[in-house]
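Summary of the model geometry
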Amino acid sequence: MAGRSEFSASARGVSNCSTQSYLCRGDSHVFPSSPVLKARINEMDWQGQKHAEMLMQIFLVFSAVAAFGAGYLMHDFRLMMLIYAGGVVLTALVTVPNWPYFNRHPLKWLDPSEAEKHPKPQVSNITSSSSSKKKASKNK
Amino acid sequence: MHSAVQRANTAATIAAILLATICAAASFLDAFNSPSLQAHVQVVKINRFRRQLDGNDEVKMTLKMSMDLTSLFTWNTKQVFVFLAAEYETDTNSLNQVSLWDHIVQEKERASFQVKVPTKYPLIDQGTNLRGKKVGLVLHWHIMPISGRMIQGKMPLSNFSLPDSYTTRS
């Protein structure tokens, strides 16, 4: 019964996300047991993404500057390339995967039972026939 | 930045841009290198001076050269290509340049040397103008960097005069 109500809610296209961003698709309110959401459990949150982007830029610029400085001082072009490659690999390891450190302020999604109590408000149309058709389909 | 793949794409793009930046910076610093090289060349003897069957003059000679190219090398240098050109003037051409000998120097440690060699390539004229001609020897070099544009330079060295008649009959 609980599963059927979930699927019917997603078919109606009810969104319970307050921000209405592109993340809030029809399946985003499904319980974590669904395989669709398991892949999205380990995402970064918004603050984590900003933090990761800042870390990426700082790491890359720093490794470029350090590589150039070391190569210039040691008169070795190959050394510069090696240090820069190491810096890029380190940046990729720290920034790209979804580490839990970037998920310290996770978003709190609304409960499905709570969403059903507050249906999405209807948008009023110009022609009455199309609006009546829409109301009939939505109030299944 | 939402998924790991997008972050990987962003990291790769920024890394490529920064790589281009540091290579351009390394090449840019090359322009401040003012080389001061020494070179000396001397014609030991003219081995053969003849007129070829198709009508052109040909000279083969032995050269004694000493040069020090170490100041051309920077940390951004891959190799230096150096060649010796004979320059002279004729009635039809205001400047003729013929390469007599060239060498590739790949390491700074081997950039200073002395050699006594016959010319790698004979001096072949477009015509028969070489008898008694005053020829100038100019050392040219091309510095090929690891990243950046090639730098060229030249330095005129000593002159010499060819004999008035052929040393061997063709």
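Not measured: the values here are computed from a predicted model.

1. Details of the overall build of chain B
For chain B, the helix and strand inventory stands at one helix and eight strands. The helix and strand sequence of chain B, counted from the amino end, reads α-β-β-β-β-β-β-β-β. Looking at chain B residue by residue over its 170 residues, the buried ones come to 41%. By sequence separation, contacts in chain B at least 24 residues apart represent 66% of the contacts at least 6 residues apart. For chain B, the computed accessible surface area is about 9,300 Å², with 52% contributed by carbon and sulfur atoms.

2. Here we look at the interface of chain B and chain A
Opposite the 20 residues of chain B that make contact, chain A presents 26 residues. Taking both partners together, chain B and chain A bury about 2,000 Å²; carbon and sulfur atoms supply 78% of that area. Per-residue buried area on chain B facing chain A is highest for H2, R7 and W75 of chain B; these three make up 39% of the total on that side. Where chain B touches chain A, the interface holds zero salt bridges. Applying the counting rule to chain B against chain A returns five residue pairs in polar contact (both at pLDDT 80 or more).

3. Quick word on the packing of aromatic side chains
One pass over the structure, following the stated rule, counts eight aromatic pairs over all chains. Relative to W75 of chain B, the ring of F77 of chain A lies with its centre 5.9 Å away and its plane at 45 degrees, an arrangement referred to as tilted. Taken together, the residues span two chains, with F77 of chain A in helix α4 (residues 77-95) and W75 of chain B in the loop between β2 (57-68) and β3 (77-88). With a centroid separation of 5.8 Å and an interplanar angle of 35 degrees, the aromatic rings of F81 of chain B and F83 of chain B are classed as tilted. With relative accessibility at 16%, the residue F83 of chain B sits in the buried group. Aromatic ring contacts, followed pair by pair, group F68, Y72 and F77 of chain A together with W75 of chain B into a single cluster.

4. As for the packing of helix α3 (residues 46-74) of chain A against helix α1 (residues 4-29) of chain B
Remark: α3 of chain A packs on α1 of chain B, axes separated minimally by 10 Å, with the N-to-C direction vectors making an angle of 25 degrees. The orientation of α3 of chain A with respect to α1 of chain B, classified from their angle, is roughly parallel. Between α3 of chain A and α1 of chain B lies a crossing of right-handed hand. For the pair α3 of chain A and α1 of chain B, the contacting residues are Q49, A52, M56, Q57, L60, V61, A64, F68 and Y72 of chain A in the first and R7, T10, A11, I14, A15, L18, I22, A25, A26 and L29 of chain B in the second. Of the residues that constitute the contact of α3 of chain A with α1 of chain B, the class distribution is 15 nonpolar, three polar and one charged.

5. Some thoughts on α4 of chain A
For α4 of chain A, built from 19 residues, the straight-helix expectation of 27 Å at 1.5 Å per residue is met to within 8% by its first-to-last C-alpha distance of 27 Å. Within α4 of chain A the residues assigned to the buried category are F77, M80, Y84, G87, T91 and T95 of chain A. Down the axis of α4 of chain A, the buried set is contained in an arc of 90 degrees. They therefore lie on one face. Counted as exposed and oriented over 90 degrees from the buried face of α4 of chain A: R78, L82, V89 and L93 of chain A. On its buried face, α4 of chain A sits against α3 of chain A together with α1 of chain B.

6. Examining the UniProt feature "transmembrane region" (unreviewed entry) in chain A
Residue and element names in this part refer to chain A. Listed under "transmembrane region" (unreviewed entry) in the UniProt record, and renumbered for this structure, are residues 54-74 and 81-102. This span, residues 54-74, is 100% helix and 0% strand, and a straight line between its end C-alpha atoms measures 30 Å. With 68% helix and 0% strand, residues 81-102 has end C-alpha atoms that lie 30 Å from one another.

7. Concerning α1 of chain B
Over its 26 residues, α1 of chain B runs 37 Å from end to end, which matches the ideal 38 Å to within 8%, given 1.5 Å per residue. Those residues of α1 of chain B lying buried are R7, A11, A15, L18, I22, C23 and A26 of chain B. Check the buried side of α1 of chain B and you find it contacts α3 and α4 of chain A.

8. Considerations on the side chain of T62 of chain B
Residue and element names in this part refer to chain B. Examined against the element boundaries, T62 turns out to sit in strand β2. Within polar-contact distance, the side chain of T62 engages the side chain of N47 at 3.1 Å. Those residues within four positions of T62 in sequence are excluded, and the remaining contacts are Q42, V43, V44, K45, N47, K116, V117 and P118.

9. Remarks on the nonpolar core
Counting 33 residues, the largest nonpolar core has M67, L69, L84, L123 and L139 of chain B as its most contacted members. Looking at this core, the elements that each hand over two or more residues are β1 (38-51), β2, β3, β4 (96-105), β7 (134-145) and β8 (151-161) of chain B. Filtering out sequence-adjacent residues up to four positions away, L139 of chain B remains in contact with L37, A39, M67, V82, F83, L84, G153, K154, M155 and L157 of chain B. Among the nonpolar cores identified, the runner-up in size contains 15 residues, and A67, M80 and Y84 of chain A together with I22 of chain B belong to it.

Cut-off values and rules
- Residues numbered from 1 in each chain as written.
- Chains lettered and ligands numbered in written order.
- Predicted model: local features only at pLDDT ≥ 70, side-chain atom pairs only at ≥ 80, totals over all residues.
- Heavy atoms only, no water.
- Helix = DSSP H or I, 4+ residues; strand = E, 2+ residues; numbered from the N terminus.
- Buried < 20%, exposed > 50% of the residue type's maximum accessible area, 1.4 Å probe, protein only.
- Contact = heavy atoms within 4.5 Å.
- Areas by Shrake-Rupley, 256 points an atom, 1.4 Å probe, with all protein chains shown as cover.
- Buried area = accessible area lost by both parts, 1.4 Å probe.
- Salt bridge = Lys/Arg side-chain N within 4 Å of Asp/Glu carboxyl O.
- Polar contact = N/O pair within 3.5 Å; in protein donor to acceptor, adjacent residues only side chain to side chain.
- Phe/Tyr/Trp six-rings, centres within 6.5 Å; stacked < 30°, edge-to-face > 60°.
- Axes fitted to C-alpha atoms, helices over the stretch in contact; angles between N-to-C directions.
- Parallel < 35°, antiparallel > 145°, perpendicular 65-115°, else oblique.
- Left-handed = near helix turned anticlockwise from the far one by under 90°.
- Nonpolar A, V, L, I, M, F, W, Y, C, P; charged D, E, K, R; others polar.
- Expected span 1.5 Å × (residues − 1).
- Arc of directions from axis to C-beta.
- UniProt positions renumbered as here; feature names shortened; annotations may be inferred.
- Core = buried A, V, L, I, M, F, W, Y, C linked by side-chain atoms within 4.5 Å.

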